[in-house]
Amino acid sequence: AVIQYHLRPDERIVRVSIVRRSDALGYVLPVSNYDVYALPLRTFVADILVSMGGHVATKLFLGEYWTGATGDFQQVRGRLWQLAHYGYFGPPLDSTDAGTKLMDKRNDVIEVFWQKLEEQTEKILAKHAAEVHAVAQALLERNDLTGKECIEVIRTAASSDQVDDSEFLLKALVEE
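In this report, we go over the structure that sits alongside the text. (Residues numbered from 1 in each chain as written. Predicted model: local features only at pLDDT ≥ 70, side-chain atom pairs only at ≥ 80, totals over all residues. Heavy atoms only, no water.)

Let's shift gears to a nonpolar patch on the surface. On the surface, a nonpolar cluster with roughly 270 Å² of combined accessible area is contributed by Tyr34, Val36 and Leu39. Of note, Tyr34 is situated in the loop between strand 2 (27–32) and helix 2 (41–62). Overall, Tyr34 belongs to the partly exposed group, its relative accessible area being 49%. (Patch = residues over 30% accessible without salt bridge, like charges linked within 9 Å, V, L, I, M, F, W, Y side chains within 5 Å. Areas by Shrake-Rupley, 256 points an atom, 1.4 Å probe, with all protein chains shown as cover. Salt bridge = Lys/Arg side-chain N within 4 Å of Asp/Glu carboxyl O. Helix = DSSP H or I, 4+ residues; strand = E, 2+ residues; numbered from the N terminus. Buried < 20%, exposed > 50% of the residue type's maximum accessible area, 1.4 Å probe, protein only.)

Below you can see the structure in the form of C-alpha cells.
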C-alpha cells in the first residue's frame, strides 16, 4: 500500500486488507483515477515494484522471505512479459514460438532486472518504514482499511521532509 501510494499517484487506493480471500492472503485494491488507453513503460516498472512490496517487506521487516507472494510473482512475470513484448529489453517480442525463444535468451538480463527491482523496492520500503509499520499496525487492529483510512495512516506516519517525486524516481530507475 505504501509503495502504491508513492509510485502510482494516478491510481486511487480503494481498500487494503489482510483478510484472506481465495488464494490471496491480503491485498491492495487500486483503481485508476481516469480512463487509460496507453501507458509509458515505466508504469509497468512501478507496477512490478508494487507487486514486489509484500515479498520484500517480509524479508526487510521479518528477517526472511515467507510464502504467500505467489499471486504477486504472477503479476511481476506478467508485467515482465509485457515489457519484453513492447521492446524494453531489446527488439519487441510477440507470443509466437520465436518470441518465446528470444525471451529465453533474455532471461539473464531479466533476472538482473528483477534483482535491481527487488533492491529498489527494499530501498523504498526502508525509506518509508514508519509508514509501513503504521499501515501494518492499523491492519492488525482492523483487518481492513478503506482507501481514505489507509492514506490517512500513511500521511500521519510520514515525516514532513519526506516528499517523493515518483516521476523522478521511476525515470531514474528506467534509465539505469
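A separate point is the packing of aromatic side chains. Inspection of the entire model under this criterion finds 5 aromatic pairs. Their ring planes at 45° and their centres at 6.1 Å tell us that Phe44 and Tyr86 sit as a pair that is tilted. Within this pair, whereas Phe44 is found in helix 2, its partner Tyr86 is found in the loop between helix 3 (70–85) and helix 4 (97–105), the two being separated by 42 residues in sequence. Overall, Phe44 belongs to the buried group, its relative accessible area being 6%. Geometrically, the ring pair formed by Phe73 and Trp114 is tilted, given 5.8 Å between the ring centres and 55° between the ring planes. In this pair, Phe73 sits in helix 3 while Trp114 sits in helix 5 (residues 107–127), placing the two residues 41 residues apart along the sequence. Overall, Trp114 belongs to the buried group, its relative accessible area being 16%. One aromatic cluster is present, formed by Tyr88, Phe89 and Phe113 through successive ring pairs. The ring of Tyr65 carries the charged tip of Lys59 above its face, separated from the ring centre by 5.7 Å. (Phe/Tyr/Trp six-rings, centres within 6.5 Å; stacked < 30°, edge-to-face > 60°. Lys NZ or Arg CZ within 6 Å of the ring centre and 35° of its normal.)

Moving on to the packing of helix 3 against helix 5. Their axes nearest at 12 Å, the elements helix 3 and helix 5 cross at an angle of 125°. In terms of orientation, helix 3 and helix 5 fall into the oblique class. As for the relative orientation of helix 3 and helix 5, their crossing is right-handed in sense. Touching Phe73, Val76, Arg77, Leu80 and Leu83 of helix 3 are Ile110, Phe113 and Trp114, all from helix 5. Residue composition of the contact of helix 3 with helix 5, grouped by class: 7 nonpolar, no polar and 1 charged. (Axes fitted to C-alpha atoms, helices over the stretch in contact; angles between N-to-C directions. Parallel < 35°, antiparallel > 145°, perpendicular 65-115°, else oblique. Left-handed = near helix turned anticlockwise from the far one by under 90°. Contact = heavy atoms within 4.5 Å. Nonpolar A, V, L, I, M, F, W, Y, C, P; charged D, E, K, R; others polar.)

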